[in-house]
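Residue-level listing of the chains:
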Amino acid sequence: MIKSVLDLQRKLKKSSKTILEPHEEIVVSSSASFDVGASLHPHWKFCNVVLTPQRLVCYQVHRILASIPIENILSFEIEKREWILGKKVKQLRITSSGNKLIYLAVRDPEKWISCVEYLKNKSEKMACQK
């Protein structure tokens, strides 16, 4: 019995995905809501979001919902949209190459925009902190 439990734990460790690559550093991270539905019928999933110098990653435990390389982000804007129970909140509207559109309800969206602009342009001082 004990041997099978240990085997199961080893298999779970091997099968779990790592969210970040070994060389990646976290610039900023937060919990968020990720809109996985169509624009007419939003469907929200709670997740964590991480920004690294290479990409933006939205994930749940060991499942990646979205991974967008920084250079593929065409626009990163704030839009006030309905969220859960019809409440309107500021959300990040991310357009990436291929005209893929993602909405993220995240705390302090202005900070996220300044961080992405810094990473894309490498301009002046870094405007975001961990």
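Structure: above.
Before going into details, it helps to say that this report is about the structure given with it.

Cut-offs and rules
Residues numbered from 1 in each chain as written. Predicted model: local features only at pLDDT ≥ 70, side-chain atom pairs only at ≥ 80, totals over all residues. Heavy atoms only, no water. Salt bridge = Lys/Arg side-chain N within 4 Å of Asp/Glu carboxyl O. Helix = DSSP H or I, 4+ residues; strand = E, 2+ residues; numbered from the N terminus. Buried < 20%, exposed > 50% of the residue type's maximum accessible area, 1.4 Å probe, protein only. Core = buried A, V, L, I, M, F, W, Y, C linked by side-chain atoms within 4.5 Å. Contact = heavy atoms within 4.5 Å. Pairing = 2+ DSSP bridges.

### Description of the pattern of salt bridges
When the charged atoms of two side chains with opposite charge come close together, those side chains can pair.
Part 1 of the reasoning: In the structure shown here, the tally under the stated rule is five salt bridges.
Part 2 of the reasoning: Across the salt bridge formed by Arg-81 and Asp-35, the nearest N and O atoms sit 3.3 Å from each other. With Arg-81 in strand β5 (residues 73-82) and Asp-35 in strand β1 (residues 28-35), the pair connects residues that are 46 residues apart, well separated along the chain.
Part 3 of the reasoning: For Asp-35, a relative accessible area of 7% puts it in the buried group.
Part 4 of the reasoning: A salt bridge links Arg-93 to Glu-79, with the shortest nitrogen-to-oxygen separation between them at 2.9 Å. With Arg-93 in strand β6 (residues 88-96) and Glu-79 in strand β5, this pair connects stretches of sequence that are 14 residues apart.
Part 5 of the reasoning: Using a relative accessible area of 25% as the deciding quantity, one classes Glu-79 as partly exposed.
Part 6 of the reasoning: A single salt-bridge network, built from bridges that share partners, covers Glu-77, Glu-79 and Arg-93.

### Section: the nonpolar core
Part 1 of the reasoning: Counting residues in each nonpolar core, the largest one holds 26 residues, and the members touching the most others are Leu-51, Leu-56, Phe-76, Ile-94, Leu-104 and Trp-112.
Part 2 of the reasoning: For this core, the secondary structure elements donating two or more residues are β1, β2 (44-51), β3 (55-60), β4 (63-69), β5, β6, β7 (100-106) and α2 (109-121).
Part 3 of the reasoning: At six residues, α2 tops the list of elements feeding residues into this core.
Part 4 of the reasoning: Filtering out sequence-adjacent residues up to four positions away, Leu-56 remains in contact with Val-49, Val-50, Leu-51, Ala-66, Ser-67, Ile-68, Ile-70, Phe-76, Ile-94, Leu-104 and Trp-112.

### Some words on unusual backbone geometry
When glycine is set aside, most residues are seen to have a negative phi, and most peptide bonds are trans.
Part 1 of the reasoning: You will see that Asp-108, though not glycine, has its phi angle at about 55°, which is positive.
Part 2 of the reasoning: Along the polypeptide, Asp-108 turns up in the loop between β7 and α2.

### A few points about the pairing of β1
Part 1 of the reasoning: Burial runs high along β1: six of the eight residues are buried.
Part 2 of the reasoning: Here eight bridges tie β1 to β2, and the two strands are oriented antiparallel to one another. The residue bridging Ala-32 from the neighbouring strand is Cys-47, located in β2.
Part 3 of the reasoning: As defined by bridge partners, β1 adjoins β7 across four bridges and the pair is classed as antiparallel. Its bridge partner lying in β7, Ser-33 is registered against Ala-105.

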